[in-house]
Amino acid sequence: MDKKWLHIFLSILLMTSLSACQRPAEGTNESAKESIVIGFSQSGTESSWRKRHTESIRTELEKEGYEVLYRNGYMNQERQIQDIRSFIVYQVDAIVFTPLQEDGWEPILEEAAKAGIPVFIVDRHVDLADPSLFLTHIGPSFKAEGNRAGLYVSNYFKHHENETINVLELTGLSDTSPTQLRSDGFRETIKRDYAKNNVTIQVTDALNGDFIRRKGKEVIEQYIAEGKMDDIDVLFSHNDEMTIGALEALKQTDIVPGKDIVIVTIDAQKEMIDNLKNGIVNCVVECNPDAGIFVKNAISRYLSRGRSAVPKEIYVHETVFSSDMDFDQIPPRNY
């Protein structure tokens with residue numbers, strides 16, 4: 001090969017390498033999808049719900065042709081922060097993460113902003129002084145889930161006039177948006193419906209189970225040992241994993257779940273839907289883990305039309321399953 005053709009060949013090779021290394025600019029078109037890299041930091045794998053949530057997001061992004069760099073935080077915020085920092089160093093095109101807790105994210109999100117990388121927050125919320133540090137939040141309306149649980153309890157006891165109904169609330173991880181908002185929504189609804197139904201529904205006690213099955217069992221076992229469970233009419237649990245633990249603890253008593261005590265839970269994992277069908281629980285409020293399609297659509301919209309095309313809040317659709325419905329209408333659960 002003479003010098004002239006060698007020079008042309010090297011020039012073409014250099015131009016190709018530079019093109020491959022450049023990050024696509026905001027407004028990238030469909031033809032550039034193969035080069036788009038998404039960093040995805042999940043908070044953990046503490047439940048079937050969380051595993052399904054991870055699978056949904058990864059599957060939808062990969063179906064769209066995006067390369068996904070996945071990291072599991074294993075319920076450790078510092079680990080998540082380091083994972084997000086590695087995404088920034090790698091210069092991914094977008095960061096998707098599910099925060100373990102609400103606070104403590106500002107410094108790392110400032111780093112992402114300085115690098116020009118958009119951040120998509122999924123599931124739980126974050127508490128930031130500067131909301132512009134993330135592009136959008138994609139997830140359930142946790143307060144609406146609490147409202148739905150409260151509405152079921154209010155309707156269940158609406159004919160129990162002049163009675164007092166005692167509720168034991170089994171709460172999730174402290175200082176997280178699902179814990180706070182589910183509690184707020186539930187209490188708001190039972191208080192509002194009191195005047196309409198003339199029934200006093202009160203949260204007698206609240207126990208913290210951290211969204212974990214083992215801890216849910218432990219705190220209910222302790223409550224039983226203290227002789228307090230016999231006065232409870234309703235168990236309202238913030239997630240299915242804690243509810244399963246609570247049901248295991250109740251096996252030590254003569255209390256019949258679903259009959260002697262009304263059980264209301266949030267998530268709608270397959271195991272809990274089976275319990276609903278068997279009369280062990282009374283109401284299951286869905287928390288939809290299939291966020292992948294919403295995440296994929298938001299990223300695609302950003303890449304093709306820019307930041308202004310993505311709303312600040314995107315809610316996933318959810319429903320309620322109860323003991324008085326036609327169970328054939330419940331779609332198969334895949335988690």
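About the criteria used
Residues numbered from 1 in each chain as written. Predicted model: local features only at pLDDT ≥ 70, side-chain atom pairs only at ≥ 80, totals over all residues. Heavy atoms only, no water. UniProt positions renumbered as here; feature names shortened; annotations may be inferred. Salt bridge = Lys/Arg side-chain N within 4 Å of Asp/Glu carboxyl O. Helix = DSSP H or I, 4+ residues; strand = E, 2+ residues; numbered from the N terminus. Buried < 20%, exposed > 50% of the residue type's maximum accessible area, 1.4 Å probe, protein only. pLDDT = per-residue confidence, 0-100. Contact = heavy atoms within 4.5 Å. Axes fitted to C-alpha atoms, helices over the stretch in contact; angles between N-to-C directions. Left-handed = near helix turned anticlockwise from the far one by under 90°. Nonpolar A, V, L, I, M, F, W, Y, C, P; charged D, E, K, R; others polar.

The protein is annotated in an unreviewed UniProt entry as LacI family transcriptional regulator of Enterococcus gallinarum. For the record of the protein, the UniProt heading Subcellular location (unreviewed entry) holds the text "Cell envelope".

Under the criterion given, the structure shown has 19 salt bridges. One salt bridge in this structure joins Glu 145 and Arg 182, with 2.8 Å as the shortest N-O distance. Taken together, the residues span a long stretch of sequence, with Glu 145 in helix 5 (residues 142-156) and Arg 182 in helix 6 (residues 177-192) at a distance of 37 residues. The residues Glu 145 and Arg 182 share a single accessibility class, namely buried. Taken together, the shared-partner salt bridges connect Glu 46, Arg 50 and Asp 123 into one network.

Right, let's get into the confidence of the model for the protein. For the protein, per-residue confidence averages 91 on the pLDDT scale, and 88% of positions sit at 70 or higher. Residue range residues 1-25 is modelled with pLDDT below 50. Its contacts to residues more than four positions away, or to other chains, number ten contacts. Note on residues 28-33: pLDDT under 50 across the span, and seven contacts to partners over four residues away in sequence or across chains.

Attention now goes to the packing of helix 5 against helix 6. Two numbers describe how helix 5 lies on helix 6: the axes approach to 6 Å, and their chain directions differ by 35°. Like other packed secondary-structure pairs, helix 5 and helix 6 cross with a definite hand, here right-handed. From helix 5, Phe 142, Lys 143, Glu 145, Gly 146, Asn 147, Ala 149, Gly 150, Leu 151, Val 153 and Ser 154 reach across to helix 6, where they touch Ser 177, Pro 178, Leu 181, Arg 182, Gly 185, Phe 186, Glu 188, Thr 189 and Ile 190. In terms of residue class, the contact of helix 5 with helix 6 is built from eight nonpolar, seven polar and four charged.

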